[in-house]
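For reference, the chains in residue letters:
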Amino acid sequence: MADSGNAPKPSSSVKLVLLGEAAVGKSSLVLRFVNNDFQENKEPTIGAAFLTQKCNLPTRTIKFEIWDTAGQERFASLAPMYYRNAQAALVVYDLTKPTSLVKAKHWVAELQRQASPGIVIALVGNKLDLTNDEAGSGGDGESPGVDGEGDARKVTTDEAKTYADEEGLLFFETSAKTGYNVTEVFTAIANAIPETSLKTARGPGAAHAAARSEEQRVNLNGARDQNAKDGCAC
Amino acid sequence: MLNLSNFVQKAQQLLDPTQSLNITDSDRNPSKASLFQSQFRLPSSQHPLYEITAELTIPPPNATQGERDRDRGYQYAGKLHLSESYLCFSTTPSSFLQSASTSTSSIFTGQTHGGGPSGNGFTFPLSAVRRVERLHSQNFQFALAITTWNGISQDAAKDKDRKDLKEQRITIQLAGTRPACERFCDGLKKGLRSNVGNVSKLKKVVSECYSEYLLRTEDEKNANPPDAGLGMLFKYPGDPKKLRDRAKMRLWAEYLRDNGRNLTLIRQPTFHKLIRVGLPNRLRGEMWELSSGSIYLRLENPTLYADTLTKFSGQESLAIDEIEKDLNRSLPEYPGFQSEEGIGRLRRVLTAYSWVNADVGYCQAMNIVVAALLIYMSESQAFFLLSALCDRLVPGYYSTTMYGTLLDQKVFESLVEKTMPILWDHLVKSDVQLSVVSLPWFLSLYINSMPLVFAFRVLDVFFVEGPKVLFQVGLAILRINGEELLDATDDGAFISVLKSYFSRLDESAHPKSENPKLRAVTRFQELMVVAFKEFSGITHSSITESRLKNKDAVLNNIESFAKRTAIRNLGPDSKLLSADELGALYDRFYGVLYERQQRDHILQQEQARRAKSSRSRIPEAHHPSDDHGIEKGRVGLGPSTSLMDYDAFREFLAAMSKWAISDAPTTPRRDNFGDKQGGFYSSLRRADASLSPWGTGPEPADHEFLQRLFRKWDTGSTSALTLQNVVSGMARIKGKRDIMGTINYFFELHDDDGDGKVDREGILRMSEALLFLSRRGLEGTLSPPNPAMNVSGDGLNGGSDAPGQSVNERFLGSVSAFIRRCFEYADPDHPHNQNAIQDVQERLDAQRLEDSAAEELVNPDAFAIGDDDEDEDDDLLAMDSPTGSPRAAAKRSDHSAGEPPALQLNSSSTGLRTDDDAMVRRRVSKAQSERANAALDPSNPLHITLPTFRMVVLADELLEQFFESSFPASFHIIEGLASSATPTSASSLTTFSSLGMGAGRAVNAALGGGPGASAGGRGLRGVLDNIVTDGMRVAAEVRRRMEEAQKELEKNALPGQRNDEEEEEDEEEPGFERSSGAGKGSAYRGDAERRSVRSSDRDLLTGADAEASDTINRSTSNIEGSGGSGASDGNGSTTKNAEGAGKVMGVEFDG
């Protein structure tokens, strides 16, 4: 995911929001994607954390502006503030916890009704490392499952996949811990963002500022990537 | 008493005007008590009892400060206040006397605008007052010398230490009339006496204050110092040298020595200045708890923290799970929180708080705030300071909806718009949402945003001056970074500008300046100056005002989000209802709960007020729970009632369904059900008694049907409904729109034990329910009877009243038939009932017996009501005009499966009775009928099953339509009932009194104006009357025409033409009778009877009458079990039923 030089490829930024029940691994997914890192204890997100990461596609570069929201239930009422204008959303559930899929479905419904039309939504079942699936446990050679031989999976791939298909969502099962499938999620989202929505920069008055903001991004990159590590909103 | 006064506290507890967020009334007019509590940061148990203008004289310091005025000391003019346990003095900004030390002090006096311990003065717990002496003074009538327990912990030490400690003694001169002064002194005396017992608490609280240790002589200091936070173990953040911690400590030591420490501290201008420059590490915790007032909470109940931990030790909760997740992630950069010691403290404080304030529980960000507090104070101190934060300093920030946070974001945005319009325009143009950036500032009190050392400096001021500090600092941040922010065009750029600013707060604000002094100014200092100078206009009151302005919008936003979420989270049942219906149900559900709560609140306040005036106030132990959740109910404010009890359920239905509105203004008793259920509703009854008002809405009915519905919906048997229950329940009725479903549901409602059988009583209850539901008319699509049968153009759906009545009237007939059929088919042993399709002849033979049975079941209540004949006769007037009955009868006869009209005639005749001498005969005939019909025999249990029930329902077109359409349609979920459509009087009831009175509107109008109760009662009785009169008129004809009618039936003839004519005749007669009755009002009873009953009829009717009275006797016993309460409702409906039948018959044959 590193910058591949200053290729003249068109570059555009995409606002992406992460939603999901508490402790499903939203922040960990982001951390894995942005820093290729995994921490057992991450600072809690107050409101939301803001991070950025670039994603190089063959034809263009997508810069994700990632809003990682707090998972605690009562923060849900703040969510509209963060998914406003988002072009993509990652709705995360914990595939060892069926209730988290229910919550994820609620978020999907909320997004479909309240977020910007045409938002690309990916449903992500995280914590694949806790299952016996080869793919998940194989990733970085980490030992599978906290329960040793036990398979902690409680949500079948089929169930989630069926739901995702019905709702027209991208679907992945990932492990932030091993890194399995994480990059793929973001790449798939980048590919799914329609070209048109990339060109129309979001927000009123943003058109004239587009060029300028692009420059700025370059300048800010260094500082921001450093900042990304502490994952704090400000 | 205790509860009541607690409520007063709650109501008045707006310690801080901002807390009034919670109470609509006090929003605009905070009570005096709340202002008082807010000014001195006192617990909600304190009320201003006395106040008096006074002058405070502080003796000259014994130490270094101030040479001048040595002889007189410092003097301040201000007001002296006395509450239950506190003696407070405060200057007003203008009253600052010349003799005070510095000129700058005036800056500080007004900073909190009464919203905090501003100005100069003191807040002494009465238990800290050691002695009060009255001095002789020439200038004032009263002068008091107050000696405090300042340094009480040292007091206990040996005498030799005493000489090091100068007694704290201040003088107060009261300026007031003699009686006023005396009153105040009396109050003070009383207060002092009652607080003597609290000295031990005082000692305990004080002993945990670091100042006690600080002021000890060196040789005493080997003792363990009080806990001044994790910083003592893990070092305090920041470089103490750079912070000039020692110098600050020396200044504070001096100040405290001169002006008293902790609970006996006197605020002078220096106090505020010392706070502005930053508190020294070891005193920081103590000064925080002092200036926030949380020390007074601790004083009230010093062991609450430890007690709470003990009490809930080992218990689990959702909050605890959430807390556990965050323990390792709270200020992880501070070494103390990488240790078990620090984590343990954090866990205990958060957990204890989540227990005492379960409504808030735990909210992310609290972990960060508490972690910060724990660096400087003990667990117990942090616990109480967290209370003070959540309850008064930042109310609603951590609630389950976080409305306080969102509200303050709105307020902040509006302030930015006002003070920095250019930046604001830029934000709007760039579509950057400010709160994305600023929300974490407020939520974590800048702790998570700035480097800790600076965040603590902000907190130092925040605890003294209140929440406006958060706004001032936020605005200053934007102002200082304005240039750069104007270049930022999206959230990301915006955030990074501020992030980098925060990381450079310790750098020089003017690095290139020539002036070394200017160069020495750090960015943080600059920030403070901008915040408190440039934005000094941001005051407590301006914040409060802005909060008021935005409150509704914010709550509405939260609520619409909550509504969306709640509706989405409803189970699969909810899919049966439309989105609009769900939305409306949600609104109604919470609307009712909210309104009821408000009413309760007002009522209780009223009671409290009364209680208060009738007794003197007594200081009470502090209840931590008093401090939160003043007004719940409104969803946006956080945890609200989400359970609907039975009374709320009635109110809920009454707003949607005509039939759920009470007929009478008085609430009927509800005994039977409660008795049957072993007091299931006993608590509800109590509630009824205490608070009668139903708000502005109509009084809801209380009928057994409602109770059944409630129980049915209450799937968890918790005596309360959740929104989910209501939606699922409603979905079963309104969701499928399928007649079988509705029929099944209705059956289930009455199948108490769920065995698929409904017994005799159940059948009666069903019919009562049907009548109850229909008594205000049927709704939905009711197809007119077969056109061929329809007598004339005035179809059922016609606009005129007559057709409408006829539908309702017909329905009574249908219900009557329903009962009869139920009993027919219920008894499998009865030979006549074996086949669904019966030979007419055979049925005619049996009919008399069966009719009497049915009659018995139907009428009993009616008789119970109108026990004496006079009563029964009251409403005769209403009876004899059954306009629509011919059609109904015709229609019924049209049904091939229907019973012959003759049958109906019989049943109607059974209801007739007029004379007392009929009693004997009644008894005889009762015995006969019992013998004749097993169905009547109580010792011979019978039941109907669902298929039978279905068959019976489907056998009647009107019943069928009722289940198909009108029952579901009677729930007006979305549109509700127009207020005009919710009359409380009985005028709109389809009872005998309104039913069938073609011209009866006159009567109705007359009745409607009068007391609704009597109208309702009359309505029931009218059913009886109807039976009687109709029966009388008709009975004579009955036998004569029996055969004729039978033939007609068999021929399946179309009696339309003829019926029509008959009807017209009928109409004339009743019309005239009614109008006369109306004219006479209540006097019409006797007249009506005379008029409608013809003597010749009486003779004929005696037999039937006798039977009816039998029925009464029997039925009373039957019904007792079901709903005695209902005496009015239940009986009424039964009666109606009978009446309908009677009327129908009467009309047909009358002609």
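Residues numbered from 1 in each chain as written. Chains lettered and ligands numbered in written order. Predicted model: local features only at pLDDT ≥ 70, side-chain atom pairs only at ≥ 80, totals over all residues. Heavy atoms only, no water.

- In the nomenclature of an unreviewed UniProt entry, chain B is known as Rab-GTPase-TBC domain-containing protein of Cladorrhinum samala.

- In the annotation of an unreviewed UniProt entry, chain A is listed under the name Ras family-domain-containing protein and assigned to Cladorrhinum samala.

Quick word on the overall build of chain A
Inference 1: Helix and strand counts for chain A come out as eight helices and six strands.
Inference 2: Listing every helix and strand of chain A by position from the N terminus yields β-α-β-β-α-β-α-β-α-α-β-α-α-α.
Inference 3: With 234 residues in all, chain A has 55% of them scored as buried.
Inference 4: Summed over its atoms, the accessible surface of chain A is roughly 9600 Å², and 51% of this surface lies on carbon and sulfur atoms. (Helix = DSSP H or I, 4+ residues; strand = E, 2+ residues; numbered from the N terminus. Buried < 20%, exposed > 50% of the residue type's maximum accessible area, 1.4 Å probe, protein only. Areas by Shrake-Rupley, 256 points an atom, 1.4 Å probe, with all protein chains shown as cover.)

Brief notes about the packing of aromatic side chains
All names here are of chain B.
Inference 1: This structure, assessed with the given rule, holds 54 aromatic pairs over all chains.
Inference 2: When the ring of Phe589 is compared with that of Tyr590, the centres are 5.1 Å apart and the planes differ by 85°; the resulting orientation is edge-to-face.
Inference 3: By relative accessible area, Tyr590 is classed as buried at 16%.
Inference 4: Members of the aromatic cluster, joined through ring pairs, are Trp659, Phe705, Phe746, Phe747, Phe772, Phe818, Phe949, Phe962, Phe963, Phe967 and Phe971. (Phe/Tyr/Trp six-rings, centres within 6.5 Å; stacked < 30°, edge-to-face > 60°.)

Describing the sheet that holds strand β6 (residues 142-148) of chain B
Residue and element names in this part refer to chain B.
Inference 1: Taken in spatial order, the eight strands line up as β5-β6-β7-β1-β2-β3-β4-β8 in an open sheet, and their pairing is antiparallel. Two strands lie at the open edges of the sheet, namely β5 (129-135) and β8 (266-267), each paired on one side alone.
Inference 2: The sheet contact formed by strand β4 (residues 121-125) and β8 spans two bridges and is antiparallel. When the bridges of β8 are listed, Phe122 appears paired with Ile266.
Inference 3: Those strands touched by helix α7 (residues 178-195) are β1 (50-58), β2 (74-82), β3 (86-91), β5, β6 and β7 (169-175), and its axis lies near 85° from that of β1. (Pairing = 2+ DSSP bridges. Contact = heavy atoms within 4.5 Å. Axes fitted to C-alpha atoms, helices over the stretch in contact; angles between N-to-C directions.)

A short note on helix α21 (residues 403-419) of chain B
Residue and element names in this part refer to chain B.
Inference 1: Between its first and last C-alpha, α21 extends 24 Å over 17 residues, near the 24 Å set by a 1.5 Å rise per residue.
Inference 2: α21 sits mainly inside the fold: 12 of its 17 residues count as buried.
Inference 3: Along α21, the positions that sit buried rather than exposed are Tyr403, Gly404, Thr405, Leu406, Leu407, Asp408, Gln409, Val411, Phe412, Glu413, Leu415 and Val416.
Inference 4: On its buried face, α21 is in contact with α22 (421-430), α23 (434-443), α25 (468-480) and α30 (540-568). (Expected span 1.5 Å × (residues − 1).)

Here's the deal with the nonpolar core
Inference 1: Counting 182 residues, the largest nonpolar core has Leu123 of chain A together with Tyr398 and Met450 of chain B as its most contacted members.
Inference 2: Ranked by residue count, the leading element in this core is helix α24 (residues 452-465) of chain B, at 11 residues.
Inference 3: With residues near it in sequence (within four places) discarded, Tyr398 of chain B still touches Arg74 of chain A together with Val360, Cys363, Ala365, Met366, Val369, Cys390, Leu443 and Leu445 of chain B.
Inference 4: Ranked by size, the runner-up nonpolar core spans 74 residues in total, among them Leu721, Ile743, Leu778 and Val807 of chain B. (Core = buried A, V, L, I, M, F, W, Y, C linked by side-chain atoms within 4.5 Å.)

Structural notes on the interface of chain A and chain B
Interface size, as often reported, equals the accessible area lost upon joining of the parts.
Inference 1: On the side of chain B, 49 residues touch chain A, which itself brings 48 residues to the contact.
Inference 2: Counting each side, the surface lost to burial between chain A and chain B is near 4200 Å², with a carbon and sulfur contribution of 55%.
Inference 3: Counting every contact that joins chain A to chain B gives three salt bridges.
Inference 4: Ionic pairing is found between Asp431 of chain B and Arg84 of chain A, a salt bridge with its closest N-O pair at 3.0 Å.
Inference 5: One can count 14 residue pairs in polar contact (both at pLDDT 80 or more) joining chain A with chain B. (Buried area = accessible area lost by both parts, 1.4 Å probe. Salt bridge = Lys/Arg side-chain N within 4 Å of Asp/Glu carboxyl O. Polar contact = N/O pair within 3.5 Å; in protein donor to acceptor, adjacent residues only side chain to side chain.)

Notes on the sheet that holds strand β2 (residues 48-56) of chain A
Residues and elements named next belong to chain A.
Inference 1: Ordered in space as β2-β3-β1-β4-β5-β6, the six strands form an open sheet in which the pairing is mixed. Each end of this open sheet is capped by a strand with a single partner; those strands are β2 and β6 (170-173). Across the sheet, the axes of successive neighbouring strands diverge by a mean angle of 25°, strand direction being ignored.
Inference 2: Relative to strand β4 (residues 88-94), strand β1 (residues 11-20) runs parallel, the two sharing five bridges. If you follow Leu18 over to β4, its bridge partner there is Leu90.
Inference 3: Running over the sheet, helix α5 (residues 157-167) touches β4, β5 (120-126) and β6 and is turned about 160° from β6.

Here's the deal with the side chain of Asp460 of chain B
Residues and elements named next belong to chain B.
Inference 1: Secondary-structure assignment places Asp460 in helix α24.
Inference 2: Residue Asp460 is classed as buried on the basis of its relative accessible area, which comes to 0%.
Inference 3: At 2.7 Å, the side chain of Asp460 and the side chain of Trp288 are in polar contact.

Notes on the pairing of β6 of chain B
Residues and elements named next belong to chain B.
Inference 1: Extensive coverage of β6 is indicated by the burial of seven of its seven residues.
Inference 2: Side chains of β6 alternate between two faces, with Phe142, Leu144, Ile146 and Thr148 and Ala143, Ala145 and Thr147 buried alike.
Inference 3: Pairing analysis gives six bridges linking β5 to β6, with the strands arranged antiparallel. The residue bridging Val129 from the neighbouring strand is Thr148, located in β6.
Inference 4: Note that β6 and β7 share six bridges and pair antiparallel. If you follow Ile146 over to β7, its bridge partner there is Ile170.

Comments concerning the packing of α21 of chain B against α23 of chain B
Geometrically, a packed helix pair is captured by the angle between its two axes and the distance between the axes.
Residue and element names in this part refer to chain B.
Inference 1: Orientation of α21 relative to α23, taken along the N-to-C sense of each, is 120°, at an axis distance of 10 Å. Between α21 and α23, the crossing angle belongs to the class labelled oblique. You can see that α21 and α23 cross each other, and the crossing is right-handed. Between α21 and α23, the residues in contact are Thr405, Asp408, Gln409, Phe412, Glu413 and Val416 and Leu434, Ser435, Ser438, Leu439, Trp441, Phe442 and Leu443, respectively.
Inference 2: Residue composition of the contact of α21 with α23, by class: seven nonpolar, four polar and two charged. (Parallel < 35°, antiparallel > 145°, perpendicular 65-115°, else oblique. Left-handed = near helix turned anticlockwise from the far one by under 90°. Nonpolar A, V, L, I, M, F, W, Y, C, P; charged D, E, K, R; others polar.)

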